[in-house]
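Single-letter residue listing:
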Amino acid sequence: MFELQPLVRKNIWQLEPYSCARDEFKGVSASAYLDANENPYNNTINRYPDPLQERLKEMISPIKGVPVPNIFLGNGSDEAIDLVYRIFCHPGVDNVVAIEPTYGMYKVCADINDIFYRKVMLDENYQFTADRLLESCDRRTKVIWICSPNNPTGNDLDRDEIVKLLLKFQGIVVVDEAYSDFSKQKPLRLDLGLYPNLIVLNTMSKAWAGAALRLGMAFASTDIISLFNKVKYPYNINKLSQEKAMDLLRDQSGYRQHLIMVTEERDRLMSAFAALPICKKIFPTAANFFLVRVTDANAIYRYLVERGIIVRNRNRVTLCENCLRITIGTKAENTALLSALIKFKA
Ligand SMILES: *Cc1c(COP(=O)(O)O)cnc(C)c1O
């Protein structure tokens, strides 16, 4: 059976967390707050924000289909990624296993925390198998990183293989579903109850149009969420971000419309790319971007920069030689990209 405690660093398991004024007193109807050394004159931001973001979580819960006690909110997904290392991995001793290529922050945070990072190449279709990942694990492997839809490749990873991994691996499996809004595959976050070793990441930065808020989410068992809450900075999400996030979440029709526009533009852009002489291969995508292999990624990247159009050059990423990653923009931006590329001469 899965046991959490042996996976957690001893100092974290035993940690007595900082108790802030807003933790100790949680009543709603006090008439004088003289407990936190704040400035008492109301300018809307003179008080500390809610350390556990209860109102925001109550809005997120029905939208994501995840109960409030299973939600952690972080200063971007970046905070959740970093906390995974700080909770589970002993610096200089433990290792993690990840698919490659994938999102760069898993490796950067491993390096910052002095954790060994083992890469397992995806196959030529950018897919993986649970068994190949498990072959790279040993008794010091605490975490496996999966990203689906994957960045920078864009595709959904095989859901049955992720489930197989969750059932076979005795450590933590993080599945980053930053792009699941754009995918038709059933998100793993809806099956949280089945897998005590699962952490799912989501973000306000992509489909929800809130990249500047810095608001990431982790969904997991209540035991794992308690560990996140213990280790995070007490007031990790500022009040302005909490309020603005609630504004965005209230506008669900705006969210849905953006999804429709982005997926329509994605189809249009990808069909148009297929007809471009510079286009060698378009990879299938379930995200708001797609990966394309071109005749000369470096030259085309520079050509576009000169015209004020910035795409992501992934030429130096393994398995992505001569590939550009194109984010779906507005209709006008996408049209500008296409007209520039039509005029490109090698
Ligand atoms: C963009 C992205 C995120 C979002 O990170 P934030 O820190 O929440 O902005 C997370 N994971 C992946 C794979 C991404 O591509």
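Further up the page is the structure itself.
Residues numbered from 1 in each chain as written. Predicted model: local features only at pLDDT ≥ 70, side-chain atom pairs only at ≥ 80, totals over all residues. Heavy atoms only, no water.

## Concerning the sheet that holds strand β11 (residues 323-327)
- Taken in spatial order, the four strands line up as β8-β9-β11-β10 in an open sheet, and their pairing is antiparallel. Only two strands of the sheet have a single partner each, and these edge strands are β8 (279-282) and β10 (312-313).
- The strands touched by helix α10 (residues 252-274) are β8, β9 (289-294) and β11; relative to β8, the strand with the most contacts, the crossing angle is about 140°.
- Sheet strands touched by helix α11 (residues 297-306): β9, β10 and β11. Its angle to β11, the strand with the most contacts, is close to 35°. (Pairing = 2+ DSSP bridges. Helix = DSSP H or I, 4+ residues; strand = E, 2+ residues; numbered from the N terminus. Contact = heavy atoms within 4.5 Å. Axes fitted to C-alpha atoms, helices over the stretch in contact; angles between N-to-C directions.)

## Focus: the environment of L7
- Inspection of the secondary structure assignment puts L7 in the segment before α1 (10-13).
- Its relative accessible area of 9% is what places L7 among the buried residues.
- C-alpha of L7 to C-alpha of L201: the two residues are 194 residues apart in sequence and 19 Å apart in space.
- With residues near it in sequence (within four places) discarded, L7 still touches F2, F88, K142, Q170, G171 and I172. (Buried < 20%, exposed > 50% of the residue type's maximum accessible area, 1.4 Å probe, protein only.)

## Looking at the site of the ligand
- Residues in close proximity to the ligand total 14 residues, the closest being Y179, T203, S205, K206 and R214.
- At 3.2 Å from an oxygen atom of the ligand is found a side-chain nitrogen or oxygen belonging to D78.
- Considered on its own, the ligand offers 390 Å² of accessible surface; in the complex 93% of this is hidden by protein.
- Broken down by element, the shell around the ligand gets its largest block of residues, three residues, from helix α4 (residues 76-88).
- By residue class, the composition of the shell around the ligand is five nonpolar, five polar and four charged. (Near = heavy atom within 4 Å. Polar contact = N/O pair within 3.5 Å; in protein donor to acceptor, adjacent residues only side chain to side chain. Areas by Shrake-Rupley, 256 points an atom, 1.4 Å probe, with all protein chains shown as cover. Nonpolar A, V, L, I, M, F, W, Y, C, P; charged D, E, K, R; others polar.)

Just geometry here; none of it tells us what the structure is for.
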